[in-house]
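Listed here are the chains, written in short residue letters.
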Amino acid sequence: MRKPFATTLNPESSLTNHTGSWRAERPVYVHRLPLCNHSCAAGEDIQSWLYYAAMGNYREAWRVLVRDNPMPATMGRVCYHPCETACNRSSLDQSVNIHALERYVGDEAIRHGWTFDRPASESGKHVLVVGAGPAGLSAAYHLRRLGHSVTVYEAGPSAGGMMRFGIPQFRFPRHILDAEIARISALGVAFVLNTRVDDLAELMREGKFDAVFLGTGAQIAHRAYIPACDSAHILDALSVLRNTADDNPPQLGRRVVVYGGGNTAMDVARIARRLGAEEPLVVYRRTRERMPAHESELRDAVEEGIKVKWLSAIRRADEHSFTVEKMTLDQNGSPQPTGEFENIEADSLVLALGQDVDMSFMEGLKDLENENGLIRVNEHMMTPHTGVFAGGDMVSTQRTVTAAIGHGKKAARNIDAFLRGEEFVPAPKHGLATFEKLNPWYYSQVEESTQPVLEPVRRATTFDEVLGDLDETHALLESSRCLSCGNCFECDNCYGFCPDNAVAKTPGKGPVYEFKYDYCKGCGICAAECPSGAIQMVPEQLEFAHAGAAG
Amino acid sequence: MTNRIDAFCQAGALTVGNRLLTPSMISTQANEYRNNSLTSGHRACRGCGEALAARWAIDTAMRAAGGQIVVANATGCLEVFSTPYPESAWRIPWIHSVFGNTPAVATGVAAAMKVKGKTGIRVIAQGGDGGTTDIGLGCLSGMFERNDDVLYICYDNEAYMNTGVQRSSATPPMARTATTPTLGSSRGSSPDIGKSVPLIAMAHQIPFVATASLAHLADLESKISRAVAIRGARYVHIHSPCPLGWGTESNQTILLARLAVQSGLFPLFEAKDGEVADRTTIGPRVPVEDYLKIQKRFRHLFRPQRNDEALAAYQAIADYNIRRFGL
């Protein structure tokens, strides 16, 4: 090349100058565990399915959601959504309305008849599931998707367990449950209904099952000793729920007392209201702060005219009158009698004092029971009997549909490993995406979209669902409110803010962004300006050409 | 995917890109096919605000002018780190000039293009605050006064950083520089407000004057695009934080730009024919202290003891800007 006067070098691009050698820290893309996912008892990847929901791609959102939970339309209605309590967005304005979106996505699936992906191959193994409640259904679904044959035995006339009998219609219409169970059935899970398992060992031998999952729940109503005259009208909450679900509601009378402070007590009081009770009264031994019922359940009940009598124990039942003793809390928070009594006029008393596990079917497996009346399982959800796994209300006092669905998934993964002669090792969890990891500057304030609610006056006379649906506009808006904590949502900040053009953007194939470490100087702007905290600065392992102590 | 107003619920309006918008709606900097006019391998310090501002501005100009631009560059950091002989990080037609004559060089290029009938080619001059507010101000004023068809972009990092952080007329009040040390009775640069070249440009009644910030990409791109389309003399002043000269962490560059705007110290506005035509309101205000205290050049305002009088005077500057521009 002919050069101008006094010029000796050919022009070059700066690309020959690898400024990456300046770097003391390198940025890396990370996934942190969003607080919603962390708090979900069913182990849902909420941030991931919201990512697709925000694009209006509900099909993909549903596909991602059902990797963990086969029943989103159910869960969106019955779960007490600890995810929303944990949601980082509550530090900005209000939490993302996750349960309403889960319900929306689940209902979309039912509307469009979306079906589960079939297993890629059949394992040839056969697993018995006892009990078609949330734990059993979840275990059956996950095992089936892993390629195993599954047969579910259910004592009742239809699948669903407590979801069918224990949750009132006004919170959870039955056609939703039916649709989600039908979809599991269509995946190839066999159901044997109206068949109570009396001898598990015998059935396992006969049916040549390779493993078993027990999920029969906790169905025996816990009773308290209350001296009562013969004509006192005392029922247990489970039978009220069950008979109401069977369209055979009990006669409760005009004045109803419900004894207990859990969610079931609230449900029964709300049923009593709908059956004509004027002011159902919940009697609870402790205070509002110590009540096990979820705050929202109490709020809904109070809206419907339910009254609560705190710090009170029922001591005696007569025909139309109940004797109540005032209680006080000792320093351990346990209620203690005070000796002060009063009478409450009422026609009936419903006991909602919790449920116990029914062990009667487990002849020969008696040793499974632990001191709390629960089934003993190890960290692999396996009982002391090899190949016998258990989950749901049988093994835990959490007693929620969500926990049961989570148990079913966890047990299925462990059973799958067991059937292959391996031990299931869960993937290591990422560090938490706490609010401090975010750069909130980039998120604008947007009010939460809430579901329409049935007027309290109308609720007294109908079993119609209290909470309505989000419409499509609001579903889209609400899913876009997700901050995507700890995970990239492709805002292009790293790509646009790099002063060294050291971030490559290639949409469509694999990761959207990649660092060009040949040029990245490690300034850290990308990590500082990442809204969701999905970039971490990691110290470089500096290698010095001249070894030895440098003084 | 449709264009949705709720797309801004996730990313807000201040991120570079947004996956929920169509490609035509996103910024130039979010586009995977952006020009990268100032590409990798340049020798700017880690976290250089000026390098980033230059890529943003020139990429935008390239897009707005359909790739038909010529850039004249003043001596200064920007030239030294981008073009050490024989390398260059520029991927555009680019011409070197000396420290003070860039507006004149650009005027000459524009005249040449006119003579050759290449009126589609847009001419840009760029430099730092030293080359613009001090050394080149005479040539710049001439360019304004003749209304030459040039867009002048000043990357303001508030001192002569390349030669070792000497004070310029754009250095803010009370800042420590190599020539305004905080020794003995000397308390950093003059406490007076100093020189505002955007206001001087407005006094020439040129068609377009604007200020821009690294914290407001969409605003910056909009101003550069519109400036490129206008004929006559135009001036855009971009606040460009400098980790070296300001004594800040390299990852604080965007944060500093943001705090300067949010405190009112760096007002974002634009003017047409000498009159303020628009400004960016700042919403929740940040005290100037938040901006000052993370910079070592203002450390003497806080240590060994807090200088309340100086901080109040600083806050008054921000308050004045907020009143004056209706921020």
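From a predicted model like this one, the values you see are computed outputs, not experimental measurements. (Residues numbered from 1 in each chain as written. Chains lettered and ligands numbered in written order. Predicted model: local features only at pLDDT ≥ 70, side-chain atom pairs only at ≥ 80, totals over all residues. Heavy atoms only, no water.)

A. Looking closely at the nonpolar core. All names here are of chain A. Of all hydrophobic cores here, the largest spans 66 residues; its most connected members are Ile46, Trp49, Tyr58, Met71, Phe213 and Ile415. A total of 7 residues in this core trace back to one element, the largest contributor, which is helix α14 (residues 401-419). Here Phe213 is in contact with Leu128, Val129, Val130, Ala135, Gly136, Ala139, Phe389, Ala390, Gly391, Gly408, Ala411 and Ile415, once residues within four sequence places are set aside. (Core = buried A, V, L, I, M, F, W, Y, C linked by side-chain atoms within 4.5 Å. Buried < 20%, exposed > 50% of the residue type's maximum accessible area, 1.4 Å probe, protein only. Helix = DSSP H or I, 4+ residues; strand = E, 2+ residues; numbered from the N terminus. Contact = heavy atoms within 4.5 Å.)

B. Quick look at helix α2 (residues 46-53) of chain A. All names here are of chain A. Taking burial as the measure, the 8 residues of α2 include 7 buried ones, the bulk of the element. Along α2, the residues classified as buried are Ile46, Gln47, Ser48, Trp49, Leu50, Tyr51 and Ala53. The elements touched by buried residues of α2 are β3 (33-34), α1 (35-39), α3 (58-65), α5 (82-86), α6 (98-112) and α16 (472-480).

C. Representation of the confidence of the model for chain A within the structure. Averaged over chain A, the pLDDT score is 92; the fraction of residues at 70 or greater is 97%. Note that residues 547-551 of chain A has pLDDT below 50 and, in this model, 0 contacts with residues that lie over four places away or in other chains. (pLDDT = per-residue confidence, 0-100.)

D. Up close: the sheet that holds strand β7 (residues 211-214) of chain A. Residues and elements named next belong to chain A. Strand order in the open sheet formed by 5 strands is β6-β5-β4-β7-β18, with parallel pairing between adjacent strands. Strands at the two margins of the open sheet, each flanked by one partner only, are β6 (190-192) and β18 (388-390). Each strand axis lies, on average, 20 degrees off the axis of its neighbour in the sheet, ignoring direction. As defined by bridge partners, strand β4 (residues 126-130) adjoins β7 across 4 bridges and the pair is classed as parallel. Paired with Val130 across the two strands is Leu214, which belongs to β7. Lying on the sheet, helix α7 (residues 134-145) is in contact with β4, β5 (149-153), β6 and β7; it crosses β5 at an angle near 165 degrees. (Pairing = 2+ DSSP bridges. Axes fitted to C-alpha atoms, helices over the stretch in contact; angles between N-to-C directions.)

E. Spotlight on the interface of chain B and chain A. Listed as interface residues are 48 residues of chain B and, on the opposing side, 54 residues of chain A. Buried surface at the junction of chain B and chain A, summed over both partners, amounts to about 4300 Å²; 53% is from carbon and sulfur atoms. Three residues, Gln10(B), Arg19(B) and Arg46(B), lead the burial of chain B against chain A; their summed loss comes to 16% of the area buried on that side. In this assembly, chain B and chain A are joined by 1 salt bridge. Of the charged contacts, one joins Arg258(B) and Glu529(A) as a salt bridge, the two residues approaching to 2.9 Å between their closest N and O atoms. The tally of links between chain B and chain A comes to 31 residue pairs in polar contact (both at pLDDT 80 or more). Among the elements of the structure, α1 (8-11), α2 (49-64), β2 (87-88) and α10 (253-263) of chain B are those that each provide at least two residues to the side of chain B that touches chain A. Ranked by the residues each element gives to the side of chain B that touches chain A, the list is headed by α10(B), at 5 residues. Classifying every residue of the side of chain B that touches chain A by side-chain character gives 20 nonpolar, 18 polar and 10 charged. (Buried area = accessible area lost by both parts, 1.4 Å probe. Salt bridge = Lys/Arg side-chain N within 4 Å of Asp/Glu carboxyl O. Polar contact = N/O pair within 3.5 Å; in protein donor to acceptor, adjacent residues only side chain to side chain. Nonpolar A, V, L, I, M, F, W, Y, C, P; charged D, E, K, R; others polar.)

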